[in-house]
Amino acid sequence: MWVVQSQLDNRREGMEDLERKKKKEEKAREKELKKLKAAEKAELAKLKAQQGADATKKSAKKSIKRETGEENPGDYVDPETPFGEKKRLSRQMAKQYNPSAVEKSWYAWWEKSGFFVVDASSPKPPFVIVLPPPNVTGALHIGHALTSAIQDTIIRWKRMSGYNALWVPGMDHAGIATQVVVEKKLMRERRLTRHDIGREKFVSEVWKWKDEYGGTILRQQRRLGASLDWSRECFTMDERRSRAVTEAFVRLFKESLIYRDLRLVNWDCILRTAISDIEVDYADIKERKLLKVPGYEDPVEFGVLTSFAYPLEEGLGEIVVATTRVETMLGDTAIAIHPDDKRYSHLHGKFAINPFNGRRLPIIGDAILVDPSFGTGAVKITPAHDPNDFEVGRRHNLEFINIFTDDGRINSNGGSEFVGMPRFKARQAITVALQEKGLYRGSKNNEMRLGLCSRTNDVVEPLIKPQWYVKCSGMAKQALDVAMDAENRKLEIIPKQYTADWKRWLENIRDWCISRQLWWGHRIPAWYVTLEDDELKELGAYNDNWIVAKDESEARTEASKKYAGRKFDLCQDPDVLDTWFSAGLFPLTVLGWADDTEDLKTFYPTSVLETGHDILFFWVARMVMLGIKLGGDVPFRKVYLHPMIRDAHGRKMSKSLGNVIDPLEVINGISLEGLHKRLEEGNLDPNELTVAKAGQVKDFPNGIAECGADALRFALVSYTAQSDKINLDIQRVVGYRQWCNKLWNAVRFAMTKLGDNFVPPVEVHPETMPFSCKWIISVLNKAILKTMSSLESYEFSDAATAVYSWWQYQFCDVFIEAIKPYFAAEDPTFSSERKSSQEVLWLCLETGLRLLHPFMPFVTEELWQRLPSAKDGDRKESIMMCDYPSPVECWTNERVELEMDLIESTVKSLRSLRSEGLTKHKNERCD
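Rules and cut-offs
- Residues numbered from 1 in each chain as written.
- Predicted model: local features only at pLDDT ≥ 70, side-chain atom pairs only at ≥ 80, totals over all residues.
- Heavy atoms only, no water.
- Helix = DSSP H or I, 4+ residues; strand = E, 2+ residues; numbered from the N terminus.
- Buried < 20%, exposed > 50% of the residue type's maximum accessible area, 1.4 Å probe, protein only.
- Contact = heavy atoms within 4.5 Å.
- Areas by Shrake-Rupley, 256 points an atom, 1.4 Å probe, with all protein chains shown as cover.
- Lys, Arg positive; Asp, Glu negative; His and termini not counted.
- Charge placed at Lys NZ, Arg CZ, Asp CG, Glu CD.
- Polar contact = N/O pair within 3.5 Å; in protein donor to acceptor, adjacent residues only side chain to side chain.
- Pairing = 2+ DSSP bridges.
- Axes fitted to C-alpha atoms, helices over the stretch in contact; angles between N-to-C directions.
- Expected span 1.5 Å × (residues − 1).
- Arc of directions from axis to C-beta.

Caption draft 1: Focus on the overall build of the chain. Within the chain one finds 30 helices and 29 strands. Expressed as a percentage of the 927 residues in the chain, the buried residues total 51%. Relative to all contacts within the chain whose residues are 6 or more apart in sequence, the contacts with residues 24 or more apart total 75%. As presented, the chain carries roughly 45,000 Å² of accessible surface, and 49% of it is formed by carbon and sulfur atoms. Charged side chains of the chain number 133 positive and 136 negative; the gap between the two group centres comes to 4 Å.

Caption draft 2: Representation of the side chain of threonine 720 in the model. One can find threonine 720 in the loop between α24 (708-718) and β29 (725-728). A polar contact is formed between the side chain of threonine 720 and the backbone oxygen of valine 717, at a distance of 2.7 Å. Residues in contact with threonine 720, not counting those within four places in the same chain, are Leu146, Ile150, Tyr640, Pro643, Phe796 and Ser797.

Caption draft 3: Local environment of the environment of lysine 567. Take lysine 567: it is sitting in the loop between α16 (552-562) and β24 (568-572). Sequence spacing of lysine 567 and aspartate 458 is 109 residues, and the spatial spacing of their C-alpha atoms is 44 Å. Setting aside residues up to four positions removed in sequence, lysine 567 forms contacts with Thr530, Leu531 and Glu532.

Caption draft 4: Looking closely at the sheet that holds strand β16 (residues 440-445). Read from one edge to the other, the open sheet built from 3 strands follows the order β11-β10-β16, with strand pairing classed as antiparallel. Either end of the sheet is taken by a strand with one partner, and the two such strands are β11 (318-323) and β16. Averaged over all adjacent pairs, the angle separating strand axes in this sheet is 20°, with direction ignored. Two strands pair when backbone bridges link them, and strand β10 (residues 304-311) and β16 are joined in this way by 4 bridges, in the antiparallel orientation. Note that in β16 the partner of threonine 306 across the bridge is serine 443.

Caption draft 5: Structural context of the sheet that holds strand β22 (residues 526-531). Strand order in the open sheet formed by 3 strands is β23-β22-β24, and the pairing between neighbours is antiparallel. Strands with a single pairing partner mark the edges of an open sheet, and in this sheet they are β23 (546-548) and β24. This sheet shows a mean twist of 30° between the axes of neighbouring strands, independent of strand direction. Looking at chain direction, β22 and β24 are connected through 5 bridges and run antiparallel.

Caption draft 6: Representation of helix α23 (residues 686-699) in the model. Relative to the 20 Å expected for 14 residues at 1.5 Å per residue, α23 spans 20 Å between its end C-alpha atoms, a close match to the ideal helical length. What α23 keeps buried is the set Leu689, Ala692, Gly695 and Gln696. Considered in projection along α23, the buried side chains sweep an arc of 125° and stay on one side of the axis. Opposite its buried face, α23 presents the exposed residues Pro686, Asn687, Thr690 and Lys698, each directed more than 90 degrees away. On the buried face of α23, the contacting elements are α22 (672-680).

Caption draft 7: Unusual backbone geometry, seen in detail. Here the amide bond leading from tryptophan 593 into alanine 594 is cis, since omega sits at 15°, within 30 degrees of zero. With respect to the secondary-structure elements, alanine 594 resides in the loop between α18 (586-589) and α19 (598-603). Residue proline 605 is reached from tyrosine 604 by a cis peptide bond, and omega for that bond is 0°. By the secondary structure assignment, proline 605 is in the loop between α19 and β26 (606-612). Although it is not a glycine, alanine 174 adopts a positive phi angle of roughly 50°. Within the element layout of this structure, alanine 174 appears in the loop between β3 (170-171) and α6 (175-190). One non-glycine residue, glutamate 314, lies in the positive phi region at around 65°. Inspection of the secondary structure puts glutamate 314 in the loop between β10 and β11.

Shape is all these values report; function is a separate question.
Here you go:
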């Protein structure tokens with residue numbers, strides 16, 4: 001115990017000696033500064049006395065300011081840089097970091113210089129990322145910013161690590177979204193629908209809109225610093241991609257993996273098309289509830305189970321059924337009863353009568369198969385009611401009847417008195433009519449899930465329609481095996497927790513409906529043959545009469561062979577392909593498939609897919625299935641799934657809550673009034689607008705401060721450790737913007753210590769350095785190791801933390817403070833330490849900026865460009881073309897690190913003791 005105390009006493013004495021020495025040096029420095037200022041004043045007075053004319057006086061003042069170190073504001077302002085040229089930097093570094101000043105001009109120079117462009121013939125090993133193609137209608141949102149921040153971090157790191165790093169940009173034609181935008185524009189500007197102008201003119205209008213307004217989001221990517229190879233930019237409906245989509249459809253059809261069938265689909269009555277499962281949102285309704293439905297003036301009631309009676313033939317009485325959609329009874333084709341229900345067992349094989357159209361409904365005993373949770377009783381069979389109804393009906397060879405037109409009105413297959421009625425008005429009318437006929441048996445609350453189209457908010461209608469399907473079971477098995485086969489795994493999913501989802505989805509996959517009843521998209525390469533002697537002439541009447549071919553000429557040739565000697569007409573299927581079909585081919589088509597291109601040979605399979613976990617099945621799984629089938633291998637070796645971004649309170653971002661964050665508003669800053677204005681320009685109703693504004697006042701009372709792209713990127717990458725959700729707090733982004741200022745000032749300080757004539761060392765020799773210099777490069781080595789290992793394992797938050805911690809807590813907080821005494825005065829005693837400190841200071845700045853560059857490209861480029869370079873040295877044009885730091889074995893010094901840890905803990909203890917002593921002294925009463 002005495003030894004420990006003695007050691008502490010010795011350390012305390014050493015620290016006190018250090019403090020005394022420091023104070024002595026500070027006094028000497030102050031004295032020297034006073035002498036310097038006095039000399040400057042004397043010189044200024046002498047010059048003033050010598051000058052006569054006012055103009056000469058002004059010139060002398062400027063000269064004195066330069067000689068005495070007084071400031072000239074113009075020295076701190078960057079000169080204007082012509083677009084695409086290398087940024088022209090101010091003579092002096094600004095005293096504070098300004099993101100907009102730092103981030104301008106660099107990107108245009110990077111792009112014009114071709115730093116992002118990749119050569120397929122390069123001997124470097126390839127590393128490829130394909131940017132998930134954003135919608136052509138889209139604008140940058142915070143999810144895109146997260147994607148760009150992560151992917152650009154990866155690609156810049158790999159580029160600096162010696163890889164032929166390719167990041168391919170692309171744009172998705174977004175069938176439904178784009179068609180809706182242009183239809184609204186037509187109605188707003190010309191009061192016309194697409195049907196008024198016809199398909200050809202409408203598609204022409206969409207192309208005009210795309211050329212004028214589309215692609216905004218890719219232009220915005222530049223503001224984030226995304227180093228994409230723009231020379232390879234593509235669009236899912238450009239000529240090359242369109243040919244590839246047709247080729248894929250034809251190949252899959254010839255292998256019997258694409259077929260046409262009559263099945264239930266999710267139907268949107270406003271868009272008048274089938275939509276995918278991913279485009280359906282679900283609202284959970286606990287009891288009776290009125291909801292606003294597009295196209296209806298009055299709210300529509302949901303969450304109600306209505307019971308009514310069907311009269312039976314032969315005067316056998318009635319059978320009671322219940323439904324949440326009473327209007328569908330016009331299309332009923334049968335009634336199913338539970339086989340164990342003794343009340344109805346004698347009715348098997350009998351018929352009920354639809355009171356509105358007289359249709360005979362057979363009674364069958366399969367109710368338990370219609371709904372496994374169904375107890376005893378009876379249910380009506382309507383294929384537009386439940387997928388299980390459809391399967392039961394098929395097994396009994398029932399003829400299914402659609403009672404809705406494409407826009408959701410009752411057609412002639414329903415009862416004549418309801419024809420032309422919108423479906424939910426028909427619901428009310430049928431309920432009243434049942435009451436009048438004495439067949440209404442009451443209603444009650446019913447918990448239900450209501451499907452809503454995510455684009456139109458219309459209630460999704462399950463309708464039976466002939467569509468094109470992809471047979472998925474075999475391809476799904478392959479996609480499952482490449483990720484689950486431990487001995488021969490070709491695909492790694494990160495984080496691993498999503499492997500279970502991958503397995504669950506692919507083991508339970510259903511065939512994929514790929515046709516859409518739209519005008520904008522890839523027209524399905526299938527032609528219907530109408531033979532002269534066909535009894536039914538409508539399109540698609542005979543399922544065997546379809547010819548799949550690459551173009552009409554090839555289809556006509558195939559039809560002539562199939563129907564030799566018979567007269568026929570050809571008509572191309574008016575439907576287009578699901579956007580996910582072309583998106584599923586994207587890793588292939590961006591590299592030139594189906595042609596045998598050099599890009600395809602060099603860069604396929606790609607290295608990693610980075611995207612949100614919410615589309616693991618809808619996009620990722622389909623890319624893997626199609627990639628294996630058509631490309632002969634998985635489309636990527638790794639899948640990294642990033643979290644979904646929520647607001648600071650963990651809520652999903654929603655315009656109606658006012659918590660949607662526009663990344664450009666974080667980068668550039670915006671006032672509260674500006675945020676309010678954005679809401680007002682949207683389509684919120686008055687009540688939603690009030691709630692949204694209140695949310696903004698609470699979350700952003702002073703608006704959003706200008707943070708810059710670097711701070712936003714670093715914050716987003718740092719957040720990726722948060723499981724499957726990111727609760728984004730803008731104040732954290734502001735904190736990183738302030739940290740950029742600290743980084744700026746550290747470099748500014750260092751530049752003053754290096755001086756104008758400093759020549760960087762070719763190599764450093766740690767063994768001859770002062771203690772603090774040995775320590776800083778040792779911990780820098782450790783930071784390099786941690787950053788590299790974290791990036792390799794896709795732990796981006798850990799990588800960002802390693803870089804940040806070295807700069808903040810070791811370089812800025814300790815090293816810079818430790819070497820300041822060496823520069824306090826031109827004391828020859830410290831000449832060796834001063835020289836070592838200068839060399840290590842430059843080494844730390846140059847290495848540390850390269851280490852940070854993938855995360856913060858703009859500020860690191862600007863600071864790196866200001867660093868002195870070796871005379872006649874091989875200096876790269878840009879920091880992004882430099883090598884990424886790698887560990888240097890001779891830098892590591894564990895003994896020095898342990899000693900510094902002991903010193904730091906001792907200093908903390910002394911400061912704590914001193915603080916306690918001061919507090920105690922302050923509280924003591926003085927007599």
